[in-house]
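Here are the chains, one letter per residue:
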Amino acid sequence: MTSMIENLLVKVSKSVTGGNLLGYSDLVTVVGLTDEDREKHPEITHPYIMVTENSDYLSIIEVAGIKSAFSEKGFTEYIQNLSQLLTSLVSEPGQKISYIFERDRGRNAAELHELYKPHVSAMRRLDIHLDDMLENEAGKFVMHYATEKAYIVLYSAACLLDSAEIKEEAVKNNAAMSGIEKVVRGQNPVQLTLEGLQLAHYASLQKMLEAFKGRENGLIVDILDVKKAGNIMKTMLWRTSTPKEWEPRTVYDKGWLYERNNVNEIDNIMPSRLGAQFLSGEMDKIIDRKHEIVECDGKYYISMFIDEMPLYKKKFQDLFKAIDIKIPYRIKFDIISGGKFKIASKRVALSILRAIPAVSKIARDMDYVNDKEETDKSVLFSINVTTWGKSLTEVKRNATLIAKAVGGWGVTEVSASYGDPVMPLVGSVPGLSIRTNGELALAPFSEVAEMLPLERPASLWQHDGLTFFLTEDDKLYPYRIASSLQLKWTDMITGTPGSGKSMLANRLNFSAIFSSNKDLPFCTWIDKGLSAEGNVDLIKLSL
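Residues numbered from 1 in each chain as written. Predicted model: local features only at pLDDT ≥ 70, side-chain atom pairs only at ≥ 80, totals over all residues. Heavy atoms only, no water.

A.B. asks: Even after reading the chapter, I still don't get the overall build of the protein, so can you show me in this structure?
C.D. replies: Helices and strands together make up the secondary structure of the protein, namely 21 helices and 15 strands. Counting over 543 residues, the protein shows a buried share of 50%. Across the protein, the fraction of contacts at a sequence separation of at least 24, relative to all contacts at a separation of at least 6, is 79%. When the accessible surface of the protein is summed, it comes to about 27500 Å², and 55% of that surface belongs to carbon and sulfur atoms. (Helix = DSSP H or I, 4+ residues; strand = E, 2+ residues; numbered from the N terminus. Buried < 20%, exposed > 50% of the residue type's maximum accessible area, 1.4 Å probe, protein only. Contact = heavy atoms within 4.5 Å. Areas by Shrake-Rupley, 256 points an atom, 1.4 Å probe, with all protein chains shown as cover.)

Right under this line is the structure:
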């Protein structure tokens, strides 16, 4: 009988929640490129600043990882430098930084397909036949690592401007919109443009990039334009049905007339809001006694948030090692500026707590945060985690294992009670929703920054690697011999007899043929033994 009731609840839930998802995203349009953008970032050909329905501005940054491994001292210095450079950004209300990290072994095949495209093109140009060898190599890689992606989103709210400036901007926009109907379903940047906020957002974005890049060692980051970011956002939800070449349409693309049966004729000219383009599919909510689950494009998702933050300081690497490589997940850190104002609003409650011995330590903890305010600005932050699976059984198992790993990360408490599970799923996608889900905590910025995924390794050859390796913690590491990124290169391989020196040298040398245009490259190999002869024989056999 219980099973019948649960099944009925699932069916009712599915039939009620499918449909319009537009309310879950506040993204509307983009801000066009300026002359300064084109001068400083010639590689960016499409707008990279998106705008919400409340005129909040946001940009998405792709994070490849860290240039080289940190020592304990180096990591401490990096966090200190990060805190100092971002002091002005996090001190006043109005800005938010979201750091999203995703790990999914299910995307390995697609990633390897892209990485091996240069090899396949080279084989066709040179008319050599190494398909079996490459397929065998890719087949070995696919089961021994998990694809990693990381992004930073910077939000700048309209409250960064004073009321007089906002009023002046509104008057200017109304004059520009004179005689034009207000767009409801489409995009019209003029309705939402705040030139002062655009300047403030751009300055904050440059400062944030400088801070995360570090002085000598830091993150390798890249600004994503709306086309690249949009494809990533949609693919994160509709993983199987989104075409690889899909991209969102903006007002700066070729225009078409639409027949949408709207009262407003302007809506028949403008492309649909960005949020509508990203959330054009359907999601179903499935609720049983213990779980709030969303079904989307053949995958089942469960989200959870940290209800009680870590009791003891822990780095992200500790959590990373505790989660099995087979379990896909996406973790999102939301950092909201202006924490000092939240402390000020709690002064009366804290004064009462100080008088009660049993709970006076809570007041002392707040005093600690307040005392550090001069040198280490306090921020509000939340941590949300989403996992998924191909079936209800699989996603429930993954969620249980994730909750166990997160619970052991410095001793935390995890909750999955959102009320509406679609909200945290949409919110886990970079930039798709400005809403912060889960519990908010207060802490000095440096202590929050220490928990971010800042120590994942990156490769300088991530976009043009010709041979691949695995790091000690199972991240794919592309490498390119004789790369144009270096003025000079010398690879020295040392090791005991039989440790694989010759095999590694052969592998590096052989990868050079995939960089050729029309003819095989000229190579000179001086070998005391017969190791290099294997490369020569293999090339002869492949011709």
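A.B. asks: So what exactly am I meant to see when it comes to the pattern of salt bridges here?
C.D. replies: According to the stated counting rule, one finds 23 salt bridges in the structure shown. Across the pair Glu114 and Lys117 runs a salt bridge, and its minimum N-O distance is 3.3 Å. A residue is classified by how much of its surface remains accessible, and Lys117, at 35% relative accessible area, is partly exposed. For Lys172, the salt bridge is made with Glu195, and the minimal N-O distance between the two is 3.5 Å. Here Lys172, found in helix H8 (residues 163–176), pairs with Glu195, found in helix H10 (residues 195–213); they are 23 residues apart in sequence, far enough to count as distant. Look at Glu195 and you get partly exposed, because its relative accessible area is 40%. Within this structure, Glu102, Asp104, Arg107, Arg239 and Arg330 form a network of salt bridges that share partners. (Salt bridge = Lys/Arg side-chain N within 4 Å of Asp/Glu carboxyl O.)

A.B. asks: Quick question: what am I supposed to make of the side chain of His119 here?
C.D. replies: Looking at the secondary structure, you find His119 in helix H6 (residues 117–126). The class for His119 is buried, based on a relative accessible area of 1%. A polar contact is formed between the side chain of His119 and the backbone oxygen of Leu466, at a distance of 2.7 Å. (Polar contact = N/O pair within 3.5 Å; in protein donor to acceptor, adjacent residues only side chain to side chain.)

A.B. asks: Any chance you could explain the environment of Val379 here in plain terms?
C.D. replies: Residue position: Val379 is located in strand S11 (residues 378–389). Taking the relative accessible area as the measure of exposure, Val379 reaches 0% and is therefore buried. The spacing of Val379 and Pro93 is 286 residues in sequence and 9.5 Å in space, taken between C-alpha atoms. Those residues in contact with Val379, other than ones at most four positions away along the chain, are Val90, Ile335, Ile336, Gly339, Ala441, Leu442, Ala443, Phe445 and Val448.

No statement about biological role is implied by the geometric values presented.
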